[in-house]
Amino acid sequence: MKANQNPIGFFDSGIGGTSIWKEVTALLPNESTIYLSDSKNAPYGTKNKDSILDLAIKNTEFLLNKNCKLIVVACNTATTNAIDYLRANYKIPFIGIEPAIKPAALKTKTKRIGILATKGTLNSALFEKTASTIDQQIIVKETIGTGLVELIEEGEIASKEMEQLLASYINPLVKENIDCLVLGCTHYPYLIPAIQKITGNQLEIIDSGQAVAKQTKAILQQHNLMHNGSASAKHEFYINKDKSVLERILSSVTSKTITETDF
Ligand code: DGL
């Protein structure tokens, strides 16, 4: 059977990867999707490489059992720790997401960029490799966003506690004279309004969502896997914790089902 009508799979440690899902489905509105929110195991960013790999394999197997034709690893931490393994061991194409330090390096005028990401991403060999490819005159200020994913998973996107925690990470970066801030975790685009409240418009905030969407389209075309039927797109979401926060951030999405299930 031709795989063109099969869905695109997505997984993340939680609800954050929906920031990527929104970009991909905006660019590819005819594609059906299955999104896996592994919220029970969030955060991934504090776990070791082997544990992250085991979780990435578990999520991949779930999506393969649902016949996904391509998987978007909508998580920087899982990408930087597991994508090489996934690509080597499964036949379908995988799209990964990495912190956008290359575009930031091309944009910065102060030659100083900030990056906010998880410990698991910043400590990964893949991140180190990517960072070594940019102009070495550029100073990259790395900050681990400890606690941010947990608050977002609780739906605390604009709370006082979130504002204070964010300010404790962002203000020191601003003092370092950065002019670009890279969001290296797919949960963080939901914090852009809160970040702008702290910094005004003085920083260019860069995330990888649109680039991932374009890459997904290019790889589908390259593998001759673009949806080509007339059926309208369906979107299934699976979450292994309470679904209320996910429901809230997807309130504008039509044609969707959200299922709480253990996996
Ligand atoms: N959304 C994940 C990422 O992009 C969050 C990782 C975590 O759960 O710590 O890295």
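Here the residue index of a chain counts from 1 through its sequence in written order. Predicted model: local features are reported for residues with pLDDT of at least 70 only, side-chain atom pairs are reported and counted for 80 or more only, and whole-chain, interface and lining totals are derived from all residues. The side-chain figures draw on all heavy atoms in the structure; neither hydrogens nor water molecules are used.

Chemist: Looking at this model, I keep getting lost on the overall build of the protein. Mind explaining?
Modeler: Across its full length, the protein holds eleven helices and ten strands. Radius of gyration: over C-alpha atoms. The globule rule applied is 2.2 Å multiplied by the number of residues raised to the 0.38 power. Rg of the C-alpha trace for the protein: 18 Å, near the compact-globule value of 18 Å for 263 residues, within the 12% margin. Dimensions of the protein along its principal axes, counting C-alpha atoms only, are 55 × 40 × 35 Å. The buried label goes to any residue with under 20% of its type's maximum accessible area, the exposed label to any with over 50%, and the partly exposed label to all in between, with areas taken from a 1.4 Å probe on protein chains only. Looking at the protein residue by residue over its 263 residues, the buried ones come to 55%. Helix and strand assignments follow DSSP, with helices taken as H or I runs no shorter than four residues and strands as E runs no shorter than two, numbered in order from the N terminus.

Chemist: Explain the packing of aromatic side chains here, please?
Modeler: To describe a pair of aromatic rings, you give the distance between the ring centres and the angle between the ring planes. The criterion for an aromatic pair is that two Phe, Tyr or Trp rings (for Trp, the six-membered ring) have centres within 6.5 Å, with stacked assigned to planes under 30 degrees apart, edge-to-face to planes over 60 apart and tilted to the rest. According to the stated counting rule, one finds six aromatic pairs in the structure shown. Here F62 and Y238 contribute two aromatic rings whose centre-to-centre distance is 5.4 Å and whose plane-to-plane angle is 65 degrees, an arrangement assigned as edge-to-face. Pair noted here: F62 is in helix α2 (residues 49-65) and Y238 is in strand β9 (residues 235-239), with a separation of 176 residues, a long-range link. According to the relative accessible area criterion, Y238 is buried, its value standing at 12%.

Chemist: I'm lost on the site of the ligand in this one. Help?
Modeler: Whether a residue is near a molecule or strand depends on its heavy atoms: it is near if one of them lies within 4 Å of it. Around the ligand sit 13 residues, and of these S13, Y44, G45, T77 and T186 come closest. One of the backbone nitrogen or oxygen atoms of G45 is found 2.7 Å away from an oxygen atom of the ligand. Identification of polar contacts relies on pairs of N or O atoms within 3.5 Å, with a donor-acceptor requirement for protein atoms, meaning one able to donate a hydrogen and the other able to accept it, and with residues adjacent in sequence counted only if both atoms are side-chain atoms. Separating an oxygen atom of the ligand from a side-chain N or O atom of T77 is a distance of 2.6 Å. Here the ligand, which alone exposes 290 Å², has 99% of that area covered by the protein. Side-chain classes follow a simple rule in which Ala, Val, Leu, Ile, Met, Phe, Trp, Tyr, Cys and Pro form the nonpolar group, Asp, Glu, Lys and Arg form the charged group, and the remainder, Gly included, forms the polar group. For the shell around the ligand, the residue count by class is five nonpolar, seven polar and one charged. Method for areas: the Shrake-Rupley scheme with a 1.4 Å probe, in which residue coverage is limited to the protein chains shown.

Chemist: Before we go on, may I ask you to explain the pattern of salt bridges in this structure?
Modeler: Side-chain pairing between opposite charges can occur once the charged atoms of the two side chains come close. Note on definitions: salt bridges are taken to be side-chain nitrogens of Lys or Arg within 4 Å of carboxyl oxygens of Asp or Glu. For the structure shown, the criterion picks out nine salt bridges. Residue K58 pairs with D38 through a salt bridge whose shortest N-O separation is 3.2 Å. Of this pair, K58 sits in helix α2 while D38 sits in the loop between β2 (33-37) and α2, and the two are 20 residues apart along the sequence. Its relative accessible area of 0% is what places D38 among the buried residues. One salt bridge connects K40 with D262, and the closest N-O pair in it is separated by 2.9 Å. With K40 in the loop between β2 and α2 and D262 in the segment after β10 (256-260), the pair connects residues that are 222 residues apart, well separated along the chain. Taken together, the salt bridges that share partners define one network made up of R112, K141 and E176.

Chemist: Would you take a moment to explain the environment of T60 for this structure?
Modeler: Within the element layout of this structure, T60 appears in helix α2. A relative accessible area of 0% places T60 in the buried class. When the C-alpha atoms of T60 and Q222 are compared, they prove to be 21 Å apart, with 162 residues separating the residues in sequence. Those residues in contact with T60 that lie beyond four places of it in its chain are F11, I71, L86, Y90 and F94. Residue contacts follow a heavy-atom distance rule, with two residues in contact if any of their heavy atoms lie within 4.5 Å.

Chemist: What is the right way to look at the side chain of N41 in this model?
Modeler: Within the fold, N41 resides in the loop between β2 and α2. Setting aside residues no more than four positions away along its own chain, N41 makes contact with K47, L55, K58 and N240.

Chemist: Explanation requested: the nonpolar core in the structure shown.
Modeler: Taken as a class, soluble globular proteins show a tendency for nonpolar side chains to be buried jointly. To define a nonpolar core, start from buried Ala, Val, Leu, Ile, Met, Phe, Trp, Tyr and Cys residues and group those joined through side-chain atoms within 4.5 Å. By size, the foremost hydrophobic cluster in this structure holds 47 residues, and its most contacted members are V72, L166 and Y188. With five residues, helix α8 (residues 160-175) is the single largest residue contributor to this core. Excluding residues that lie within four positions of it along the chain, L166 makes contacts with L116, L148, L191, A194, I195 and I198. Formed by 25 residues, the second largest nonpolar core is a distinct cluster that contains L36, C75, A78 and F263.

Chemist: Please explain helix α1 (residues 18-27) as it appears in this structure.
Modeler: What sets the pattern is the α-helix's 3.6 residues per turn: residues three or four places apart point alike. Every buried residue belonging to α1 is among T18, S19, I20, W21, V24 and T25, and all of these are buried. The elements touched by buried residues of α1 are β1 (8-12), β2, β3 (70-73), α10 (209-222), β9 and α11 (244-249).

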